[in-house]
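Survey of secondary and tertiary structure
Okay, here's what each chain looks like letter by letter:
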Protein chains: 2
Amino acid sequence: MNTFVLHGNIVHTPALSELKLCTDSYAVCENGLCAGVFDVLPEKFSHLPVYDFGDMIIIPGYVDLHLHAPQYQNCGLGMDMELLDWLEAQTFPTEARFADISYADMEYTRFVEDLLKSATTRACVFGTIHKESTMLLMEKLEASGLCSMVGKVSMDRNCPDNLKEDDSAAALESVESWLDEIDGRFSSTAPIITPRFVPSCSNELLEGLGVLSERHNLPIQSHLSENLSEIDWVQELCPDCPNYASVYDKFGLMGDRTIMAHCVHLTEDEMDIIHDRGTYIAHCPTSNVNIRSGIAPVRKFLDRGLNVGLGTDVSGGHTLDMAEVIRQALGLSKLLWRLGSEEFKPLKTVEAFYLATRGGGSFFGKVGAFEPGYEFDAVVIDDRDINTRGEQDLEKRFEKIIYLSSSWNVCAKFVAGRRLF
Amino acid sequence: MNTFVLHGNIVHTPALSELKLCTDSYAVCENGLCAGVFDVLPEKFSHLPVYDFGDMIIIPGYVDLHLHAPQYQNCGLGMDMELLDWLEAQTFPTEARFADISYADMEYTRFVEDLLKSATTRACVFGTIHKESTMLLMEKLEASGLCSMVGKVSMDRNCPDNLKEDDSAAALESVESWLDEIDGRFSSTAPIITPRFVPSCSNELLEGLGVLSERHNLPIQSHLSENLSEIDWVQELCPDCPNYASVYDKFGLMGDRTIMAHCVHLTEDEMDIIHDRGTYIAHCPTSNVNIRSGIAPVRKFLDRGLNVGLGTDVSGGHTLDMAEVIRQALGLSKLLWRLGSEEFKPLKTVEAFYLATRGGGSFFGKVGAFEPGYEFDAVVIDDRDINTRGEQDLEKRFEKIIYLSSSWNVCAKFVAGRRLF
């Protein structure tokens, strides 16, 4: 089942600036792990079943490091607002509806169907505060075969009454109960501790989540430094902390298994914390443009050796399509360079592709490239409708995929050695 | 043939900030012109044939004020370069191939097929220097039913030998001969005088094109102030002119039937020239990001009362899809506001939609809205795949079309009262 060969044109990035183009080649999957890419299939693999994708292009799947499943229905809505207004007008009223499990069933079914069809193989997902709905989301993701980390959101202040947990004790109890109930139920769907962001989490809640994360050895996801008003608010709420990142850090929430989304306006001190802890940054360029947050200095992050992946941030981001996120990451890095920070070179196409595959993939382990020992994720792209001239140069075909492909072009998907379609 | 009624949900913009949402309504076309939009079909039109699009959404088509047909094949390629390098590496070698009429036939067939399928109804198009190929492009556009203005490009310096006209006299003779040969041949495809840009046109050529434009009463299209190196180069080439716009102006090339693409880095004096002459600006945000030109201050243009439309600038822009151009226009205006020009409010979704319809449409006359006397252009959008929840609120459906639609969603198109599919 999970030992086979793919044949096609294989493209991946062994390193940040290195594009590996393997025309007419074979990628071997043994027991769910990659055994290598070969231009001639070695004798020892010649007995394996072959999925032959002919002239199509095979890439590692995209890893979406940050998205909100309940907001999927809001994609493209409310895009004339900034973060805090948009949360009140758009996000919170929608999330409150997920108290209703039949509503969640309908919405999450659609979300998982569309995520499955996309070029994304793995995702780190926010649910809502609702335990039952979040478990339903996990069931659906598990059934899809995608690999994911899913968080029941924690929030106990500064949000509408119908979306606020009673107090920190109740919020922590809800997380513990959720962890108990899902214990051992899933193989490709893991829980992740998910404080929404500092403004909606009391110190007691943050502290308790830090303890829970350590006790259960769980990863963490949250938001950091997205919007200027949000940052001011955090400073008011936490006057004893020198900056936003240090609030999370104080409670043991920054580590090398933590993802912080956005990081648009980090100070140098915050970058030091992120560097020292090995925390991941989920760069979400479509969202950062849509709700006017700004441009995160990704080149600076990379030059400093920080861990960076990409996220759609649905529905601050308007689409599940990671190719559009890659394009926007490229675009924003070019604009930042153009508009005043010429010391930070724009991202190259290959670098943004790396961030979307191996950059975020490393949060899941050995993921995001066709190298021996890596989990075998692969997405097969049928580029005929975007390569109508029949261009044969594989690098040009790759560039067109980055700039012109969408979910429409995905014709097969493998995750951790399992074929999903 | 060109008198009928459309039924559906009709959306357009009578003014820059005014979104008109006409649920379950009728748009009447009489002899190719709009006779109005009605929630109940008036008795006097009750005998007309009705195209019933049910619950679908009907918008005026998009007007693409700037694109290069021969570069269509290069969409998405070379996007790690800036303008002048990209012209040398990507654009000029491709354009040179259009000396071969059979090559042009193949490429322009594909271009016109894809433009037809898109949500664009009208376009101002650059060809190449080649007269025969440009006429072939015009024939294909005419046969498609789209309305267009098409330019044989003029250039007599600073370009590869295989793409340079011998001298200004030869270049002007080629334009005159082109105009003679197409005289009276087309009804929806008009010639437009097309100096590429100042660096590749001698003073004699620019002067001659100004004279030709006046003699034949023809519109003009060119490029202005796209890239900082280009602007420096123009200053070197034309030391007697105070700025880039004044070079065109000196030769009678700035008027209210001129489109200048880009205008990213205009000085106040240049904006004064553009204002006084009534010249159109084709804002091309996807291109301005891709080849790192910068952000044109569109809000400033609008506040000053300048004429502004949108353009894909294929293939500096990577797609023919005007919805993506609208999204990027919105995004860039938000970033400009965020990154230092807070006096210029971000564009609202409705405003960017206006620019893509009526803003550019006015270059073609009364075009871009469903108002009495306007030429009847309409594009029918089937939004079922982007509105999977069955949202009924027409404004929300409109927002999703702007953020999520593509050519895939176009299911019928009418231009100047004629149904194209």
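Residues numbered from 1 in each chain as written. Chains lettered and ligands numbered in written order. Predicted model: local features only at pLDDT ≥ 70, side-chain atom pairs only at ≥ 80, totals over all residues. Heavy atoms only, no water.

1. Re the domain arrangement of chain A
Where interface size is given, it is often the accessible area lost as the parts come together that is meant. Residue and element names in this part refer to chain A. When cut into domains, chain A gives domain 1 (4-60 + 369-419) and domain 2 (62-364). Placing a centre on the C-alpha atoms of domain 1 and another on those of domain 2 gives a separation of 29 Å. Of the residues lining the interface, 31 residues belong to domain 1; the matching set on domain 2 comes to 30 residues. The three residues of domain 1 that bury the most area against domain 2 are Leu-16, Ile-402 and Tyr-403, which together make up 27% of that side's buried surface. On inspection of domain 1 and its partner domain 2, the count reaches 3 salt bridges. The shortest N-O distance in the salt bridge between Arg-358 and Glu-371 comes to 3.5 Å. On the surface where domain 1 and domain 2 come into contact, there are 12 residue pairs in polar contact (both at pLDDT 80 or more). Elements that contribute at least two residues to the side of domain 1 that touches domain 2 include exactly β1 (4-15), β2 (18-30), α13 (394-404) and β16 (410-415). Partitioned by chemical class, the residues of the side of domain 1 that touches domain 2 number 19 nonpolar, 6 polar and 6 charged. (Domains from an automatic or database assignment. Contact = heavy atoms within 4.5 Å. Buried area = accessible area lost by both parts, 1.4 Å probe. Salt bridge = Lys/Arg side-chain N within 4 Å of Asp/Glu carboxyl O. Polar contact = N/O pair within 3.5 Å; in protein donor to acceptor, adjacent residues only side chain to side chain. Helix = DSSP H or I, 4+ residues; strand = E, 2+ residues; numbered from the N terminus. Nonpolar A, V, L, I, M, F, W, Y, C, P; charged D, E, K, R; others polar.)

2. Digging into the side chain of Thr-258 of chain B
All names here are of chain B. Within the secondary structure layout, Thr-258 lies in strand β12 (residues 258-262). Since its relative accessible area comes to 1%, Thr-258 is described here as buried. Those residues in contact with Thr-258 that lie beyond four places of it in its chain are Ile-220, Leu-253, Thr-279, Tyr-280 and Phe-363. (Buried < 20%, exposed > 50% of the residue type's maximum accessible area, 1.4 Å probe, protein only.)

3. Looking at the packing of helix α11 (residues 322-338) of chain B against helix α12 (residues 349-361) of chain B
Residues and elements named next belong to chain B. Interaxial distance between α11 and α12 falls to 9 Å at its minimum, and their mutual angle equals 135 degrees. Considering the angle they form, α11 stands oblique to α12. The element α11 and its partner α12 pack so that their crossing is right-handed. Each of Met-322, Ile-326 and Leu-330 in α11 lies in contact with α12, whose residues at this interface are Thr-349, Ala-352, Phe-353 and Ala-356. Per-class residue counts for the contact of α11 with α12 are 6 nonpolar, 1 polar and no charged. (Axes fitted to C-alpha atoms, helices over the stretch in contact; angles between N-to-C directions. Parallel < 35°, antiparallel > 145°, perpendicular 65-115°, else oblique. Left-handed = near helix turned anticlockwise from the far one by under 90°.)

4. Quick notes on the interface of chain A and chain B
If you look at the interface, chain A gives 46 residues, while chain B gives 46 residues. Both faces considered, chain A and chain B share a buried interface measuring about 4000 Å² in area, 58% of it formed by carbon and sulfur atoms. A per-residue breakdown of the area chain A buries against chain B is headed by Arg-292, Arg-338 and Arg-389 of chain A, which together make up 16% of the total. Counting across the interface, chain A meets chain B through 6 salt bridges. A salt bridge links Glu-324 of chain B to Arg-327 of chain A; the nearest nitrogen and oxygen atoms lie 3.7 Å apart. Inspection of the region where chain A meets chain B yields 22 residue pairs in polar contact (both at pLDDT 80 or more). Breaking the side of chain A that touches chain B down by element, the ones donating at least two residues are α2 (101-117), α9 (285-290), α11 (322-338) and α13 of chain A. Sorting elements by how many residues they give to the side of chain A that touches chain B places α11 of chain A first, with 9 residues. Its residues assigned to classes, the side of chain A that touches chain B comprises 17 nonpolar, 13 polar and 16 charged.

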